[in-house]
Amino acid sequence: MTGSPALHAPLVEALADDALIYAQRLGEWISRAPQIEEDMALGNIALDLLGRARSLYTLLGSLDGTGRCEDDYAYWRDEREFRHVHLPEIERGDFADEMTRLLLLSSLDVERYAALASCDDVALAGIAAKGSAESRYHRDHARLWVLRLGAGTRESHARMTAALVRVAPYVDELFTDTAAEQAGVDAGFGVLPSSLREPVLGFVSAILTEATLDDVPDAGWHSRGGRDGIHSEALGYLIAEMQHLTRSHPGATW
Amino acid sequence: MSTDGWPLWEVFVRAKRGLSHSHVGSLHAPDAELALHNARDLYTRRQEGVSIWVVPAASITASSPEEKDSFFDPAADKVYRHPTFYDVPEDVEYL
């Protein structure tokens, strides 16, 4: 095997946290989407991401030497221990905001999981192959909506434009390499986020153009530090909701 | 977003190769492409199908319940229309 378990662990943790936190955010749409059909669509995507996070946490427990299970990672870590980027954690906006965020995150997932599907870690490669296929569907869902909202009515176009302004500050962080990722690639394992910038944003730009929208605008500031456990206020509320049941009733089953 | 204007679509799913598409239900969607996406999410979550058709409900011309007698009853006593005089070989599924 190229690399080592200790080398893989932070990469797997980052992927798992990205998936879990976005699953939790997307789950908020159930009963709030414009149509019951869309409730189901976003719920399905959230469940795909949750399933992916569960597999990754299980793998992580064997990689980082702690033997923790999926629930330990999801329910018994505090804010500073989560290693996802900021984009999935920011508060749910309107439907245009969500489709924009989904387009970006799913496009990133398609590329990075496709790259990992051929890695030497068989377990991770299996999760990645499944993840890449799932994310192609998620991306297609976002694409269909961005095209319709962008080229739809004056109102939907304006909301898409506002959504692009809202997500813009969080885009750079998606493609910022961490020391762990650099160390992994130096050892022949994993993929550098910076190398995915062009394919991901190229895909997104093509969709935006087709949707008669301008590209993601330049932002006056950029989020950073998510991979080091630095998060925004929004995460506190998100994990409080996600964790309170387990923490109030440890070991409860139903 | 107003969804009042979203038309109704009828969904047909083929469970496996060799079988025909069967009606499984209906849904709302603004256009055919999204109707297909919604159908995938609503009706094939548990690997129920290998192929999906969506058809605008408005495009389906249906027989009316009032015409039931004239449409269907005349076939009742025409036994020669049914292949009941053949033995079906064993192991022939879906005949």
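Residues numbered from 1 in each chain as written. Chains lettered and ligands numbered in written order. Predicted model: local features only at pLDDT ≥ 70, side-chain atom pairs only at ≥ 80, totals over all residues. Heavy atoms only, no water.

Undergrad: If you had to explain the overall build of chain A to someone new, which residues and values would you point to?
TA: Along the backbone of chain A there are 10 helices and zero strands. Overall, chain A shows an N-to-C arrangement of helices and strands of α-α-α-α-α-α-α-α-α-α. For 254 residues, the compact-globule estimate of 2.2 N^0.38 gives 18 Å, and the C-alpha radius of gyration of chain A, at 18 Å, lies within 12% of that figure. Reported as C-alpha extents along the three principal axes, the dimensions of chain A are approximately 55 × 45 × 30 Å. (Helix = DSSP H or I, 4+ residues; strand = E, 2+ residues; numbered from the N terminus. Rg over C-alpha atoms; globule rule 2.2 N^0.38 Å.)

Undergrad: An account of the interface of chain A and chain B is requested, with residue identities and associated values reported.
TA: Counting residues at the interface gives 17 residues for chain A and 15 residues for chain B. Both sides of the chain A and chain B interface together cover about 1600 Å² of buried area, and 57% of this is carbon and sulfur. In terms of surface lost to chain B, no three residues of chain A exceed Gln35, Glu37 and Tyr137 of chain A, which account for 37% of the buried area on that side. Inspection of the region where chain A meets chain B yields three salt bridges. The interface formed by chain A and chain B includes nine residue pairs in polar contact (both at pLDDT 80 or more). Mapped by element, the contributors of at least two residues to the side of chain A that touches chain B are helix 2 (36-63) and helix 5 (122-150) of chain A. Sort the elements by how many residues they give to the side of chain A that touches chain B and helix 5 of chain A lands first, with eight residues. Across the side of chain A that touches chain B, the residue classes tally to nine nonpolar, three polar and five charged. (Contact = heavy atoms within 4.5 Å. Buried area = accessible area lost by both parts, 1.4 Å probe. Salt bridge = Lys/Arg side-chain N within 4 Å of Asp/Glu carboxyl O. Polar contact = N/O pair within 3.5 Å; in protein donor to acceptor, adjacent residues only side chain to side chain. Nonpolar A, V, L, I, M, F, W, Y, C, P; charged D, E, K, R; others polar.)

Undergrad: If you had to explain the packing of aromatic side chains to someone new, which residues and values would you point to?
TA: Applying the stated criterion across every chain, the model contains six aromatic pairs over all chains. Both rings, one in Tyr170 of chain A and one in Trp221 of chain A, keep their centres 5.5 Å apart while their planes meet at 85°; by these two values the pair is edge-to-face. Taken as a pair, Tyr170 of chain A in the loop between helix 6 (154-167) and helix 7 (171-174) and Trp221 of chain A in the loop between helix 9 (193-210) and helix 10 (233-248) lie far apart in primary sequence, 51 residues in all. Residues Phe71 of chain B and Phe72 of chain B carry aromatic rings whose centres are separated by 5.7 Å and whose planes lie at 65° to one another, so their mutual orientation is edge-to-face. One aromatic cluster in this structure is built from Trp29, Phe95 and Trp145 of chain A together with Trp6 of chain B. (Phe/Tyr/Trp six-rings, centres within 6.5 Å; stacked < 30°, edge-to-face > 60°.)

Undergrad: Now, about the pattern of salt bridges: what can you tell me, with residues and values included?
TA: All names here are of chain A. Applying the stated criterion across every chain, the model contains 24 salt bridges over all chains. We note a salt bridge from Arg143 to Asp140, for which the minimum N-O separation is 2.8 Å. Highlighted residues: Arg143 and Asp140, both in helix 5, separated by three residues, approximately one helical turn. Overlapping salt bridges bring together Asp18, Arg52, Asp109, Arg112, Lys130, Glu134 and Arg227 as one network.

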